[in-house]
Amino acid sequence: MEIAVLGAIDFSTGFELSFSVFYLMPVAIAAWYAEKKTALMISVISAIVWQLSNQLAGECFQNILIPIWNTSTRLVVFLTVVTLLIKLKGSYLHQKSLAQTDFLTGAANSRTFYETIQIEMMRSSRYKRCFTICYLDADNFKKINDPLRH
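The notes below deal with the structure included here. Since the model is a prediction, treat every value here as computed from it, not as a measurement. (Residues numbered from 1 in each chain as written. Predicted model: local features only at pLDDT ≥ 70, side-chain atom pairs only at ≥ 80, totals over all residues. Heavy atoms only, no water.)

### A closer look at the nonpolar core
- Counting residues in each nonpolar core, the largest one holds 15 residues, and the members touching the most others are Tyr23, Val27, Ala31, Ala39, Ile42, Phe78 and Val82.
- Where this core is concerned, the elements lending two or more residues are helix H1 (2-13), helix H2 (20-33), helix H3 (36-56) and helix H4 (65-100).
- Top element by residues in this core is H3. It accounts for 5 residues.
- Contact partners of Ile42, with chain neighbours within four places excluded, come to Ile3, Pro26, Val27 and Ala30. (Core = buried A, V, L, I, M, F, W, Y, C linked by side-chain atoms within 4.5 Å. Buried < 20%, exposed > 50% of the residue type's maximum accessible area, 1.4 Å probe, protein only. Helix = DSSP H or I, 4+ residues; strand = E, 2+ residues; numbered from the N terminus. Contact = heavy atoms within 4.5 Å.)

As C-alpha cells, then:
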C-alpha cells in the first residue's frame, strides 16, 4: 500500500525528480521487522513501481533495454540494503543476548536481573498490585560447588 502511494507521488512529481530515498524506506522497514521473504518481495515491488511511475510520467528511452537495466540496478541496491539490514539485525540480537547472559552458564546476568526487576515494578504499579522479591546471594559458592563436581 505504501509503495503504491510512493508510486503515485513519484508519478505526480515527474520522472526528473529522484525518489530513490523514499523507496528505500519500506524496503528497510521490511528488512528489519518482517521476514526475509517479505523484504525481498517488497524490494522487487519497489523497483517495479519506481520504473512504472517514471514511465507513466513520460520518461522515454532510446533503447528498450535501458528501463530493464535501470530497474535491475535499483533492485540490486534494494536487495543489498535488505541483506545488510538483516545481517545487522542478527548481529544486534546476538550482541544483545551476549549482554544479558553469563557466557559460561548461559544464565541471566545482573543486568538482566535489574532490567527485569524494573519492568516488574512498573507492571505492579500500573496494575496496583503488590510486588515481592526474594534475592539470594551465595558468597563463596564455588567452595560448595567444586567438591560436588558441578
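And the narrative resumes.
### Points about a nonpolar patch on the surface
- Taken together, Phe11, Val44, Ile48, Leu52 and Leu56 make up a surface patch of nonpolar side chains, about 460 Å² in accessible area.
- Considering each element in turn, the nonpolar patch owes the most residues, 4 residues, to H3.
- Structurally, Leu56 is set in helix H3. (Patch = residues over 30% accessible without salt bridge, like charges linked within 9 Å, V, L, I, M, F, W, Y side chains within 5 Å. Areas by Shrake-Rupley, 256 points an atom, 1.4 Å probe, with all protein chains shown as cover. Salt bridge = Lys/Arg side-chain N within 4 Å of Asp/Glu carboxyl O.)

### Comments concerning the packing of H1 against H2
- At their nearest, the axes of H1 and H2 sit 10 Å apart, and the two run at 180° to each other. By the criterion of interaxial angle, the relationship of H1 to H2 is roughly antiparallel. Listed contacts from H2 to Ile3, Leu6, Gly7 and Asp10 of H1 are Phe22, Tyr23 and Pro26.
- Taken together, the residues that form the contact of H1 with H2 break down as 5 nonpolar, 1 polar and 1 charged. (Axes fitted to C-alpha atoms, helices over the stretch in contact; angles between N-to-C directions. Parallel < 35°, antiparallel > 145°, perpendicular 65-115°, else oblique. Nonpolar A, V, L, I, M, F, W, Y, C, P; charged D, E, K, R; others polar.)

### A closer look at the side chain of Gln51
- Its location among the elements puts Gln51 in helix H3.
- Setting aside residues up to four positions removed in sequence, Gln51 forms contacts with Glu59, Phe61, Pro67, Asn70, Thr71 and Arg74.

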